[in-house]
Amino acid sequence: MAADLGELLVPYMPTIRVPKTGDRVFKSECAFSFDSPESEGGLYVCMNTFLGFGREHVERHYRKTGQSVYMHLKRHVKEKSTGAAGGAIPRRRNGKVFIDLELNRDFNGEDYEYEDEAKLVIFPDHFEIPLPNIEELPALVTIACDAVLNSPSAYKKQEPESWEEEIQVSRHARSLRQLDNGVRIPPSGWKCQKCEMRENLWLNLTDGAVLCGKWFFDGSGGNGHALEHYRETNYPLAVKLDTITPDGADVYSFEEEEAVLDPHISEHLSHFGIDMLQMQKRTENGNHTDNNARPRVSEWEVIQESGMKLKALYGPGYTGIKNLGNTCYLCTVIQVLFSIPDFQRMYVGSLQRIYDYSPLDPTQDFATQMAKLGHGLLSGQYSKPPMKSELIEQHQQKGISPRMFKAMVSRGHPEFSSNRQQDAQEFLLHLINLVERNSAGSENPSDVFRFLVEERVQCCQSRRVRYSQRVDYCIQLPAPIEAATNREELLAYEAKWKDAEENMRAPPEPVRARIPFTSCLQAFTEPENVPDFWSSALQAKSAGVKTSRFASFPEYLVVQIKKFTFGLDWVPKKLDLAIDVPDFLDLNRLRATGLQAGEEELPDLMPPIVLPEDTRDNSTGSGDSPEIDEVAVMQLAEMGFPLEACRKAVYYTGNMGPEMAFNWIIAHMEEPDFAEPLTLPSMMDPGPSTSDSPMGATPLSNSPPEESIAILTSMGFPRTHSIQALKATNNNLERALDWIFTHPEEEESDVLSDMADTEPNDNAFFNANSHSDSTLSPDRETLGPRVKDGPGRYELFAFISHMGASTMSGHYVCHIKKEGRWVIYNDQKVCLSERPPKDLGYIYFYHRLSSS
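Presented here is a report on the structure given in the accompanying data block. The structure presented is a predicted model; accordingly, all values stated were derived computationally and were not measured.

1. Some details on the pairing of strand β22 (residues 544-550)
- Strand direction decides the pairing type here: strand β15 (residues 451-459) and β22, joined by seven bridges, are antiparallel. Pairing of E455 across the sheet is with S548, part of β22.
- Direction of pairing for strand β19 (residues 528-529) relative to β22: antiparallel, over a ladder of two bridges. Across the sheet, residue N529 finds its bridge partner in β22, namely V545.

Following this line, the structure appears as structure tokens:
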């Protein structure tokens, strides 16, 4: 028999591998479904790629790859017969077989016992070889089988290698020099000191400079001003502003070029007025508590509808998602997205096509994992009612585990790749970003969320205006506490609280602020001051106000209530409030109107470039020669490039160094005037279009900044496409990159043909310039962002609620209206809602009502 088995396996020996260090063995879950060894058909692990497949998917992998040898893993679970030994610890048969196996349910309790079974299966004849079979199998096969059976979980293997575990103490932490320059960092309102970025901001721990970071692969990030500041000053350490907790913060060392630990971070932050130790304390279970926080007695109970006998629901669309530990933010967002027909159609409706064309490693393919997740939620396969032998009250549906999906969508992201609690709204935008990037050239389900915002900026002194448009996916509504309808009750509560605190008595029953939704909407529409506004009419800084309106209405409207804020002492807190969010919403009165009769536009000019004082002092005084870093010019010239081209490259990249200038040269080498001398508007005779422009002011109609164009072209994007992207996004680098991914380069004739063949209507894709906007360039008229415009009337169909004092802690659940009834999704629990707490939601989802 041994000789027979050896001969049988000889043709397949070259394809059988022994897992090496770094190989991940997927022996707990199928790559295409949520089948596992405890499923009826078990799990098949390829002995070459170590990918796992359920019974209905293993044949596809065999046909695609030709791999014939698989290990079949099966776990048999049965209720333990107690008898005289009732209550004894259950037996584990073949215990060595499934070491570190992670499954959806735990059968090690007192009620179950299980038996594990493994065998080799050879396709296509399904010839089976039971394991272990040491005497009869070739040595290599035996070693490979033993290694697969004893390998850790694919995801457990990653944990010790995660970025969190590798972080080392910075060599600069102990002796970090901090300047006594009086800088104090406020708890909010930060923005980069060199640009308008308000995200991914880093505080330099030496001088307190707040600057934007570099780009992440997912498109988030900034313009790299924090790194540029280090190159100018050599101040090595910076902390990310929105990551500061009592447990630490994300610290980066520019000199060491990696994330680092700073054991003295509390002391370093206090130098700039940030007292991290007074922030909320983290309890052992991962939730935050605050000894000085006012209790939220009923929030958890109300939102989770505790104390009510909720009817459990099962079947398609009523599948729960297992919480992996602080992943409820992901669970709620996914549940809502897959209740939208566009996402169902894109991923579940095209399931077989996506699977058939999936890459060799489907665990890393976005479309495959989205399709797998959608099918798991909508098929009903993992949401089955209890058997007659089970007690309904104690039954909890199996649900699905999003482990493979989370590992894929969070890869490379410093926050979502961690095991910490996250903000559901931030994850929603992150996921929409990934959907857009992976939908280029095909149907994009996130189009249903995209809309255009018209921003009207007015100079308060000259009264002149400028209109512009930007793309958005979520409307953020302020929650004005001053508009609370129970203000007197709140003031009385404040007085009682202070009295109880001073006299060491029990605190009074909390009072929740009740704010009308109309007040939130009014606060959103009111004019807001524009910080550091430069008026092109006055050619100077002036007071400016900005108002926002809808230039288009999305098919699905996402509304976030801004409940989270920072106190003056940097303590993050959630506002305890209730808002009477309506079931039906009419926003038509907020539609943008564009430039109105009698309004005068601001001149199309950009602020002049202001040179640093030391640069002006060292200038020749002639005013004819621009300041250029001659050292960088010579470095480039030594590479063999024409001298004048090198001068232009350094000038147009803002003297940011030879590396950035080199990228500019590579992008412009084919241009006919590449080696021509540098000429500037101020060095030439003024033409008719610039005769009214003061010296140094740049017309807005000019090409976007060469620095930005160079960054995009250095990534491999065509120059013309990069310019179109920047013009379409008001020269915002982050949005320009998104625009490029969602607008593949097209031939001009194709675009014009597409426009000619399209009949405009309320539900069709329409051009971004259907509303007048004098600041938009002609290039954008054919390549604007795709939006689904229509009437601004909506109906509420879902909302996500948060419990806890901070987005860094607590728990999320969601309520979704299905088949005319509200359903609560609380991780794996899916029940019919009795009292949906619509007034305590955090993110609300509306769908457009038909115009009929």
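2. Here's the deal with empty space enclosed by the protein
- Summed over the entire model, instances satisfying the criterion amount to three cavities of 30 Å³ or more.
- The computed volume of the largest cavity comes to approximately 60 Å³.
- Lining of the largest cavity is provided by F32, F53, R60, H61, K64, T65, S358, P359, L360 and P362.
- Among the elements that take part in the lining of the largest cavity, helix α2 (residues 55-65) stands out by supplying four residues, more than any other.
- In the lining of the largest cavity, the residues fall into five nonpolar, three polar and two charged.
- One number sums up the size of the second largest cavity: a volume of about 40 Å³.
- For the lining of the second largest cavity, the element with the most residues is helix α8 (residues 328-337), which contributes three residues.
- Classifying every residue of the lining of the second largest cavity by side-chain character gives four nonpolar, two polar and one charged.

3. Considerations on the packing of helix α9 (residues 341-348) against helix α11 (residues 366-378)
- It is at 8 Å that the axes of α9 and α11 come closest, and there the two elements cross at 115 degrees. For α9 against α11, the interelement crossing comes out left-handed. Every residue of α11 that contacts α9 at F343, Q344, Y347 and V348 is listed here: F366, A367, M370, A371, G374, H375 and L378.
- Looking at the contact of α9 with α11 residue by residue, the class counts come to eight nonpolar, three polar and no charged.

4. A closer look at the packing of α8 against helix α13 (residues 424-437)
- Running from N to C, α8 and α13 cross one another at 55 degrees; their axes reach a closest spacing of 9 Å. Here α8 lies oblique to α13, going by the angle between them. Like other packed secondary-structure pairs, α8 and α13 cross with a definite hand, here right-handed. For the pair α8 and α13, contact is made by Y329, L330, V333, I334 and L337 and by A424, F427, L428 and L431, respectively.
- Looking at the contact of α8 with α13 residue by residue, the classes come out as nine nonpolar, no polar and no charged.

5. A few points about the nonpolar core
- Core analysis: the largest hydrophobic core is formed by 99 residues, its most contacted members being F343, Y347, F405 and F449.
- Excluding anything up to four places from it in sequence, F449 contacts L337, I340, F343, I432, D472, Y473, P554, Y556 and V558.
- Counting residues in hydrophobic clusters, the runner-up holds 32 residues, among them A484, F550, L557 and W822.

6. Details of the pattern of salt bridges
- Evaluation of the coordinates by the stated rule reveals 31 salt bridges.
- Its salt-bridge partner being R17, residue D23 comes within 2.9 Å of it at the nearest N-O pair.
- Using a relative accessible area of 26% as the deciding quantity, one classes R17 as partly exposed.
- Across the pair E599 and R456 runs a salt bridge whose closest N-O atoms are separated by 2.9 Å. Taken as a pair, E599 in the loop between β27 (584-586) and β28 (605-606) and R456 in strand β15 lie far apart in primary sequence, 143 residues in all.
- Residue E599 is classed as partly exposed on the basis of its relative accessible area of 22%.
- Among the charged side chains, a salt-bridge network with shared partners connects D342, R345, E443, E555 and K788.

7. Re the side chain of T363
- Within the fold, T363 resides in the loop between α10 (351-356) and α11.
- At 2.6 Å, the side chain of T363 and the side chain of D361 are in polar contact.
- At a separation of 3.4 Å, a polar atom in the side chain of T363 contacts the side chain of Q364.

8. Observations regarding the sheet that holds strand β8 (residues 201-204)
- Ordered by their spatial adjacency, six strands build an open sheet running β7-β12-β11-β10-β8-β9, and the pairing between neighbours is mixed. Of all the strands in the sheet, the pair left with one neighbour each is β7 (168-169) and β9 (210-212).
- Looking at chain direction, strand β10 (residues 237-240) and strand β11 (residues 251-253) are connected through three bridges and run antiparallel. Within β11, the position partnered with V239 by the bridge is V251.
- The sheet strands contacting helix α5 (residues 225-233) are β8 and β9, and the helix crosses β9 at an angle near 120 degrees.

9. Details of the sheet that holds β15
- A sheet is described by the order of its strands in space; here four strands give the open sequence β16-β15-β22-β19, paired in antiparallel fashion. Edge positions in the sheet fall to β16 (465-472) and β19, since each has one partner strand and no second.

10. Some points on the state of the cysteines
- This model, assessed by the stated rule, comprises zero disulfides.
- Among the cysteines around C195, which has no disulfide bond, C192 carries the closest sulfur, lying 3.6 Å off.
- Residue classification places C195 among the buried positions, given a relative accessible area of 15%.

11. Focus on the pairing of strand β32 (residues 793-803)
- Buried residues dominate β32, accounting for 10 of its 11 residues.
- Across three bridges, β27 lies against β32 in antiparallel orientation. Pairing of D586 across the sheet is with R793, part of β32.
- Two elements, β32 and strand β36 (residues 841-848), share seven bridges in a ladder whose sense is antiparallel. Across the sheet, S801 pairs through a bridge with G841, a residue of β36.
- In this sheet, strand β33 (residues 811-818) lies alongside β32 in antiparallel orientation, the contact comprising six bridges. Paired with M803 across the two strands is H811, which belongs to β33.

What counts and how
Residues numbered from 1 in each chain as written. Predicted model: local features only at pLDDT ≥ 70, side-chain atom pairs only at ≥ 80, totals over all residues. Heavy atoms only, no water. Pairing = 2+ DSSP bridges. Helix = DSSP H or I, 4+ residues; strand = E, 2+ residues; numbered from the N terminus. 1 Å grid on protein atoms, 1.4 Å probe; cavity = no way out; pocket = protein on both sides within 12 Å on 5 of 7 lines; lining within 4 Å. Points joined across faces, edges and corners; volume = space filled by probe spheres on them. Nonpolar A, V, L, I, M, F, W, Y, C, P; charged D, E, K, R; others polar. Axes fitted to C-alpha atoms, helices over the stretch in contact; angles between N-to-C directions. Left-handed = near helix turned anticlockwise from the far one by under 90°. Contact = heavy atoms within 4.5 Å. Parallel < 35°, antiparallel > 145°, perpendicular 65-115°, else oblique. Core = buried A, V, L, I, M, F, W, Y, C linked by side-chain atoms within 4.5 Å. Buried < 20%, exposed > 50% of the residue type's maximum accessible area, 1.4 Å probe, protein only. Salt bridge = Lys/Arg side-chain N within 4 Å of Asp/Glu carboxyl O. Polar contact = N/O pair within 3.5 Å; in protein donor to acceptor, adjacent residues only side chain to side chain. Disulfide = S-S within 2.5 Å.

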